[in-house]
Structure formats: C-alpha cells, structure tokens
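What follows is the residue order along each chain.
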Amino acid sequence: MSRISIEQVKHVAHLARLAITDEEAEMFTKQLDAIITFAEQLNELDTENVPPTSHVLDMKNVMREDVPTPGIPREEALKNAPDHQDGQFRVPAILE
Amino acid sequence: MSLFDHKISELHHMLHKKEISVSDLVDESFKRIAEVEDKVQAFLTLDEENARAKAKKLDEKLATENEFGLLFGMPIGIKDNIVTKGLRTTCASKILYNFDPIYDATVMQRLHEADAITVGKLNMDEFAMGSSTENSGFQLTRNPWDLERVPGGSSGGSAAAVAAGEVPFALGSDTGGSIRQPAAFCGVVGLKPTYGRVSRFGLVAFASSLDQIGPITRTVEDNAYLLQVIAGLDPMDSTSANVDVPDYVSALTGDIKGLKIAVPKEYLGEGVSEEVRQSVLDALKVLEGLGATWEEVSLPHSKYALATYYLLASSEASANLARFDGVRYGYRTDNAKNLIDMYKQTRSEGFGNEVKRRIMLGTFALSSGYYDAYYKKAQKVRTLIKQDFEKVFEKYDVIIGPTTPTPAFKIGEKTSDPLTMYANDILTIPVNLAGVPGISIPCGFVDGLPVGLQIIGKHFDESTIYRVAHAFEQATDYHKQKPAL
C-alpha cells in the first residue's frame, strides 16, 4: 500500500506554495512514498517514554538587555526587492 | 611548489620576515584559479578586484606594523550560503541568483577583523541539500583527484578549492556531513564543530537545529587556527553557546598516550567498503603505535539516524525556506496572475528538484494528522541517538570510524534515486543529531582516491579531536599528497 497518494502530494505542494505539473506530481509521489516507507522503520522503536529532542544543548530562554538599536535603513531593505514603490515592497494583486 | 604547500603558521612567519607580501599570497590564489578552475569549477563568484585592493592595503600595514594575527593577509574561500556584504550570495540556487547581502555573517566579521582576504564564493548543493554538489543550480564541481567524480557535498566547492590549491583554506557548513564528507572525498581536513560553537548568524538556514559552520583546510593545525577565529558566543545567535573558547593550537601536543578510542561496530559493518574498512583499521594501528588503545563499542540506534535526519532536517527546511517568496529579495516570476500564483510560480521556477522534494517531505511530516507519527517520532528517536553517544563518551575520549562508506563516486552515479544518495551520509548524520563535533582527515587512498577518517568528540571538546588528528597527521603523510590536475 502506498503511504502517500498523488492527491496528497498535490495538496502538500499547495501548502508549500509550489506549483507542480502532473508529471512532477507523479515523480514526487513515487519518491516521497519511498522515503516515507523508509522512515517508517522508526516505528520498530518503542518511544512511549522517550522525551523529544528539539535542541541538543538543552538551552533555556536566552535573555539580553532590551537596548534599542537602529534598524535596517529603508533603501538597504529595498535594495534586493524585485519590485518596490514609494518605499514599500510591491506585489501582484491580492484580490482578483 | 606552491606557497599554499606551507602551513598558515609558516606563511605568517614568511610575511613577518618580509620574504613574501600579502599580494604574493593573493596572486598565488588567482594564478592557481586561472590554471585549474576550468577543470574544477569550485567558485561561483570571484572577488578579485577587492581582494587585490585589500592585499595592497595590508601590505602597507605590513611595512609599518610588526604585530598582526595569524590569519593576516591569508586568502580564504567562502561557501555560498554564508552571507557576505556586497558580494553576491546565492546558496547555489536560482532563487537567489542576484542576491546582494546588506550585512556580513558573524564569521565574516571575525575574518575581516583578523584581516583575512575573501577570494570568492564557493559552489555547493542548492541550499546545502545534497552529498555531491550535483544539486547546484549553476555548475558542476569536479573532484580534483578524478575529474569524472564528485567532490562530495554539500560543501563540494570548498573542499575542491582547498584540495586543488586555489585557496589555502575555506569555510563550509555541515548539517548532515556537508563539511566532513567532501573533505573525505577531496583528501583535506574538515571539522564540524559542536552545535553552538560557531555563530550561525548570516548562515542561510537549512535545518537550524543541525547547521554548523566549520573550517576546511590542508592540515589539522590550519584548521585549529581558523576555528580559533570563528568560534565563540555571538549575541546575534541565541543558539551560540556561552562556553569559553580554549586555545586549540596548544592542544596539538602530539601526545595521545593513554587515549581511549571507541570504534562503533555499526561504522565498520554493512555498506562500508572493504578498502575503506581496511584504511580505518590501519589508521587505528597507527594510533595504537602512538600509545592509544581502542575497543569495539555499539551505537545501537545508528541505523535509525538516516530516517530521523531526513524527517527532521526536511521539516526544518520547509519552514526555513518559506521566506523565499519573490517579495523581498531574489528571483520573481514574470508570469503571475495574483499573489498566491506569484509565490507558487516563483518558488517552482527558482528551486531545484531536491529542494522541492525536501520542502514537500517536511511540509507533509509537519502537517496535521502526520505530525506525531513522523516529526515527533523522529525527535524522540533523536534523543535515543544522542544518548548512544553520551553512554560511549562516559568511558572513551573519542569515537573513530570512516567518514564515508566509500571513496568519491562518479558524477551521475547516484542522482536517479534520492535514497541511494542519502545513504552516503549514514556515518556523518548521527554526529549532527547528537550535536557533537567531528572531523574528517585523510587516512589513505583507494585506487588513487582519498579516504577519510572520522574522529568524533564530546560536546565542546574540539581540542581532543584536534590532538588526535594532529598526532595521526604527524605520523603519516597522506595530507602531503596532492592531486595531479
């Protein structure tokens, strides 16, 4: 049985904001299915009472003094923008 | 004979005695690049004009000052996922083809303060996702030892440039083996420091809980000098550790009498080629001859590391790479009907297949209904893998094994099946999951291709790793071999 269907792959691509062709969807379905099947070997392990590790050094909150510093100048921030206008990033229409 | 056959400390001495100038060092770099870059293709961007101007400035300083640091005037290559102010930084991705950073990574600031000279930016797998540098969106880098073979990855450009003598040293980054594996394939020295040892500020994030910047060099001593400059707490990276940075070079005593080495049976078992296994056993004999002892141990969860890694790293990547949306920087599609469409087209045209595959795997593993089964499960197994290392380090000083199961493979050999390519990282990935430091040093040749020895240490104990690596290097001459090119 496959672990992931072509519809799921298309849905995931949409969530990840990727446009994929039908051909790509087929290829990714096959490859992701193989990877997920491979990953299911983790189920051999009983991890019921094992705490998850999200950070190896087990750091707690790192605090610093709240000292105001200058931000990035606007021209600098816009320097790499594909499109900008009136000192702001410009994007295509949000509403049709 | 190249100037870069000398160690950094020797070059420093020569600068001091005015036997050479900084301009000579930069000339050497660009001369060699002109000679071999056609074949190797390690660099994505060169910064020749600035490098020469800086060399001139430093030469003026050299004429009047007698006190300067070890990296003063040394040419260095930088992996293209480390941001360099005013110098194009692409992560080898079309989506950042024109990105001109407005600030320097912390490691770059430290290199500037040390008066090192950036020669250029080095090729890599796109966003550091890969093990052969074949996933670069721009060019194929070749292994200087055999141009039909890959240099390894993802820091393939960094390792190849050092091996080819284009720069005396380089920076790479390592998320699952991306410094150590190319160092092994190219016959150079590559260290992944302890997680938190080096600031990640300005390293374009792939998997934030695993990524580390580290040095790639010809010798262990050079490696220690470079780490010395880049290591330490950084207020700009809250995951950088508040742990004192020791004097790494003073650890290079050559004395490893009484050192206790653990050799995991999982690292010499199935999948590891007979020749690589033999090279590692021979290396252990050398270390025994120097007064160390070794015993076989077990890291029982090793076989689960690969699956754990791909779930966690891809999940983190899917979040980290959400920022590439065509709004603030980089590539934007020309044919979008509306905003959502613009995001989708931009990302689909800008990212390569491996990056898309991992973003989708990560998005899936984090999605509602699958989070517990995949992402959280992998985080729990990560704990077990980390505990394996802790247990071994209660009794032993270092863990030793091969860096890779085989020497460098052929270009195109593993590109058709992602899982085959991933399997190449089985010996390096556990180290990232546990957050411990590891180095790869040359320990032999198989059919003219270098083999890497991996030495793994306790958290923040890079000194012991360096001491062992240096002692081995002094007793052998693998590091003196150079590719014919």
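- Per an unreviewed UniProt entry, the recorded name for chain B is Glutamyl-tRNA(Gln) amidotransferase subunit A, and the organism is Thermaerobacillus caldiproteolyticus.
- Its UniProt record gives chain B the following Function (unreviewed entry) comment, quoted word for word: "Allows the formation of correctly charged Gln-tRNA(Gln) through the transamidation of misacylated Glu-tRNA(Gln) in organisms which lack glutaminyl-tRNA synthetase. The reaction takes place in the presence of glutamine and ATP through an activated gamma-phospho-Glu-tRNA(Gln)."
- UniProt lists a comment for chain B under the heading Sequence similarities (unreviewed entry), and it reads "Belongs to the amidase family. GatA subfamily."

- If you check an unreviewed UniProt entry, chain A appears there as Aspartyl/glutamyl-tRNA(Asn/Gln) amidotransferase subunit C from Thermaerobacillus caldiproteolyticus.
- According to the UniProt record, the Sequence similarities (unreviewed entry) comment for chain A is "Belongs to the GatC family."
- Taken verbatim from the UniProt record of chain A, the Subunit (unreviewed entry) comment is "Heterotrimer of A, B and C subunits."

1. Overview of the pairing of strand E7 (residues 260-264) of chain B
Residues and elements named next belong to chain B.
Next up, step 1: Of all 5 residues in E7, 4 are buried; the element is thus mostly enclosed.
Next up, step 2: Across 5 bridges, E7 lies against strand E8 (residues 293-297) in parallel orientation. Within E8, the residue paired with Pro-264 across the bridge is Val-297.
Next up, step 3: A crossover links E7 with its parallel partner E8, the connecting element being helix H8 (residues 274-289), and its sense is right-handed.
Next up, step 4: Where E7 meets strand E9 (residues 398-402), 2 bridges bridge the pair, whose relative direction is parallel. Its bridge partner being in E9, Ala-262 is matched across the sheet by Ile-399.

2. With respect to the nonpolar core
Residues and elements named next belong to chain B.
Next up, step 1: The biggest cluster of nonpolar side chains holds 168 residues, and the ones touching the most others in it are Leu-111, Phe-127, Leu-171, Phe-389 and Ile-455.
Next up, step 2: Those residues in contact with Phe-389 that sit more than four places away from it in its chain are Tyr-267, Leu-299, Ile-399, Pro-430, Val-431, Ala-434, Val-436 and Ile-456.
Next up, step 3: Counting residues in hydrophobic clusters, the runner-up holds 5 residues, among them Phe-185, Ala-408, Phe-409 and Met-421.

3. Looking at the UniProt feature "active site" (unreviewed entry) in chain B
Residues and elements named next belong to chain B.
Next up, step 1: As recorded in UniProt, the sites labelled "active site" (unreviewed entry) are Lys-79, Ser-154 and Ser-178. Taken along the chain, the residues just named run across 100 residues; in space they keep tight, none of their C-alpha pairs more than 10.9 Å apart.
Next up, step 2: Structurally, Ser-154 is set in the loop between strand E3 (117-122) and helix H5 (156-163).
Next up, step 3: What makes Ser-154 buried here is its relative accessible area of 0%.

4. Considerations on the UniProt feature "domain: Amidase" (unreviewed entry) in chain B
Next up, step 1: Per the UniProt record, the feature "domain: Amidase" (unreviewed entry) sits at residues 24-465 of chain B.
Next up, step 2: Along residues 24-465 of chain B one finds 37% helix and 14% strand; the C-alpha atoms at either end are 33 Å apart.

Conventions and cut-offs
Counting restarts for each chain: residues are numbered from 1 in the order of the written sequence. Chains and ligands are labelled sequentially in the order written, the chains with letters from A and the ligands with numbers from 1. Selection of residues for local features in this predicted model requires a pLDDT of at least 70, selection of side-chain atom pairs for listing and counting requires 80 or more, and totals for whole chains, interfaces and linings are taken over all residues. The basis for the side-chain values is all heavy atoms of the structure; hydrogens and waters are excluded. UniProt positions are given in the numbering used here, feature names are shortened, and annotations may be inferred rather than shown by experiment. Only protein chains enter the accessibility calculation, which uses a 1.4 Å probe; a residue whose area is less than 20% of its type maximum is buried, one above 50% is exposed, and one in between is partly exposed. Counting from the N terminus, the helices are the DSSP runs of H or I reaching at least four residues and the strands are the DSSP runs of E reaching at least two. Pairing between strands is defined by DSSP: at least two bridges between them are needed. When the strands point away from the viewer and the connection leading from the first strand across the helix to the second strand turns clockwise, the crossover is called right-handed. By nonpolar core is meant a set of buried Ala, Val, Leu, Ile, Met, Phe, Trp, Tyr and Cys residues that side-chain atoms within 4.5 Å join together. Should any heavy atoms of two residues lie within 4.5 Å, those residues are considered in contact.

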